[in-house]
Amino acid sequence: MNPLKQSALVLSLIFAPFLVNNLLVFVNSISPPCSSSSSDTAVFDAIASINPKAPLNAGKNRTSASCSHGSPTSCHVWDVACSEAVLGLARKPENVEWIKGLRRKIHENPELAFEEYETSKLIRTELNRMEIEYRYPLAKTGIRAWIGTGGPPFVAIRADMDALPIQEGVEWEHKSKVPGKMHACGHDAHVAMLVGAAKILKDREHLLKGTVILLFQPAEEAGNGAKRMIGDGALENVEAIFAVHVSHEHPTATIGSRTGPLLAGCGFFRAVISGRKGLASNPHHSVDPILAASATVISLQGIVSRESNPLDSQVVSVTSFNGGNNLNMIPDTVVIGGTFRAFSNASFYNLLQRIQEVVVEQASVFRCSATVDFFENDSTIYPPTVNDDIMYEHVKKVATDLLGPQNFRVVPPMMGAEDFSFYTEIVPAAFYYIGVRNETLGSIHTGHSPYFMIDEDVLPIGAAVHASIAERYLNERG
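Residues numbered from 1 in each chain as written. Predicted model: local features only at pLDDT ≥ 70, side-chain atom pairs only at ≥ 80, totals over all residues. Heavy atoms only, no water.

(A) Spatial organisation of the packing of helix α5 (residues 93–108) against helix α13 (residues 458–477). Packing of α5 against α13 leaves a shortest axis separation of 9 Å and a crossing angle of 100°. The angle between the axes of α5 and α13 places the two elements in the roughly perpendicular class. Note on element contacts: α13 touches α5 through Leu 459, Pro 460 and Ala 463, opposite Val 96, Ile 99, Lys 100 and Arg 103. Looking at side-chain class alone, the contact of α5 with α13 contains five nonpolar, no polar and two charged residues. (Axes fitted to C-alpha atoms, helices over the stretch in contact; angles between N-to-C directions. Helix = DSSP H or I, 4+ residues; strand = E, 2+ residues; numbered from the N terminus. Parallel < 35°, antiparallel > 145°, perpendicular 65-115°, else oblique. Contact = heavy atoms within 4.5 Å. Nonpolar A, V, L, I, M, F, W, Y, C, P; charged D, E, K, R; others polar.)

(B) Main features of the nonpolar core. Of all hydrophobic cores here, the largest spans 72 residues; its most connected members are Val 212, Phe 216, Phe 242 and Ile 255. Excluding anything up to four places from it in sequence, Phe 242 contacts Val 155, Ala 156, Ile 157, Arg 158, Met 391, His 394, Val 395, Phe 420, Ala 430, Ile 469 and Tyr 473. Ile 273, Ile 303, Ile 336 and Ala 342 belong to the second-largest nonpolar core, a separate cluster that totals 26 residues. (Core = buried A, V, L, I, M, F, W, Y, C linked by side-chain atoms within 4.5 Å. Buried < 20%, exposed > 50% of the residue type's maximum accessible area, 1.4 Å probe, protein only.)

(C) How the structure looks around the sheet that holds strand β13 (residues 369–373). Read across the open sheet, the four strands follow the order β10-β12-β8-β13; overall the sheet is antiparallel. The sheet terminates laterally at β10 (314–322) and β13, the two strands that pair on one side only. On average, adjacent strands in this sheet sit at an angle of 20° to one another, irrespective of strand direction. Across 10 bridges, strand β8 (residues 265–274) lies against strand β12 (residues 333–342) in antiparallel orientation. Bridging across to β12, Gly 267 finds its partner in Phe 340. (Pairing = 2+ DSSP bridges.)

(D) Inspection of the pattern of salt bridges at higher detail. Within this structure, the stated rule accounts for 20 salt bridges. With a closest N to O distance of 2.7 Å, Arg 158 and Asp 419 form a salt bridge. One end of the pair, Arg 158, is in strand β3 (residues 154–160); the other, Asp 419, is in the loop between β15 (408–410) and α12 (421–424), and 261 residues separate them in sequence. Summarising the burial analysis for this pair, Arg 158 and Asp 419 share the class buried. The shortest N-O distance in the salt bridge between Glu 205 and Lys 202 comes to 2.8 Å. Among the residues examined, Glu 205 registers a relative accessible area of 22% and is labelled partly exposed. Each of Lys 397, Asp 401, Arg 472, Glu 476 and Arg 477 takes part in a single network of salt bridges with overlapping partners. (Salt bridge = Lys/Arg side-chain N within 4 Å of Asp/Glu carboxyl O.)

(E) Highlighting the state of the cysteines. Under the counting rule described, the total for this entry stands at one disulfide. For Cys 75, the disulfide goes to Cys 82, at an S-S distance of 2.1 Å. On the S-S bond that ties Cys 75 to Cys 82, the torsion sits near -115°, and the link is left-handed. Comparing Cys 75 with Cys 82, the two get one shared label, buried. (Disulfide = S-S within 2.5 Å.)

(F) Geometry of the pairing of strand β4 (residues 211–217). Summarising burial for β4: seven of the seven residues are buried, a large majority. Neither face of β4 is open: one carries Thr 211, Ile 213, Leu 215 and Gln 217, the other Val 212, Leu 214 and Phe 216, and all of them are buried. Here six bridges tie strand β2 (residues 142–148) to β4, and the two strands are oriented antiparallel to one another. Bridge assignment links Gly 148 to a residue of β4, and that residue is Thr 211.

Next comes the structure, spelled out in structure tokens:
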């Protein structure tokens, strides 16, 4: 061998390892995360044939958190692949059947406010299977579970569990087995969707940049489940909270919400107007509470029509009027009652004050006395449900990215009430609807109807929306 060739061979043996390692770095830098294509493998195998000692395991067997569990990216910056990954988990046939089965079990065995023992037990069984930690009980039957790092930030998702004292009128395979009780407001679906979201989030726990709190709340219909959950520490460390309600007004899987007031504050009143009993034939010997109560009912209508801004929607409705039952006798007392609604706390408590004043003062005009009970000790006053601007925009963004802009709607405020409002008074929050309307199935009846039913195709979609809202919140703030 001539001296020139010998020199070239020596130089190649000296520099080959360095060239190989630099080539490896270059290949690693241009290879997409989590890729394992045959071309990548061929490159690494070729390098190995040149230098068997090259550290190829860093590229060929990459299993970082961002690549495990089939996740295409870290999703720190959310993209289409992240949405598809979440929807893919929700739409797995075995997951769809599981979430439907869960909802049907709950629907067949409805439990009223603070009696949700079996519902709570079923939820805890599923959480145990998924190895999700939780605290129980809160508010008698409630659950506070958590998924993620265990550290901040903390974001909560809430589902209500209670049924209604209604006899189900829908004839189907999974009709309520409990006479006089029915899930006629969709809380069975709310629970199923949140448990479904827990499954998705647990599968993607390695991607979470904080902690998701799952709240399973009793007694929404009774009006004090949320308050008792809060009192028992449900919102500890929580900086934002979200919740969903099924709606027959929107097509299946369509999301609806709005910024600001979404649902009204709601209160009830019962007024006792007292006079003096006497014979109807000698009214001058009596003090007539029926006349006083009648004038009071008329005067109450002027609070909204003549005292309130017509652009600030409010309601005062008298729904009960009970006097005597002797047609020849003026009674000594009349009891009237009703409800009042408003979209701001200022308007709501102004209505409360004016109802008190009108009842008492109007009764005095007719020489009667009056007392008014607003049931404040029974926690039947709901404040308005007001969506935080930033949290609403988060829901809108997530729903639009996940389901497409055609499946998000800005909805008008409603005079209905929700005890989720108690959470909104403490932390930034957003409440939204998910459509269940399907004329073919007969899913067209409003909540609290004995014919209420849902399109179960909404369940995996609702789970995916919940999970995406929570994961993206943490990613953007973690």
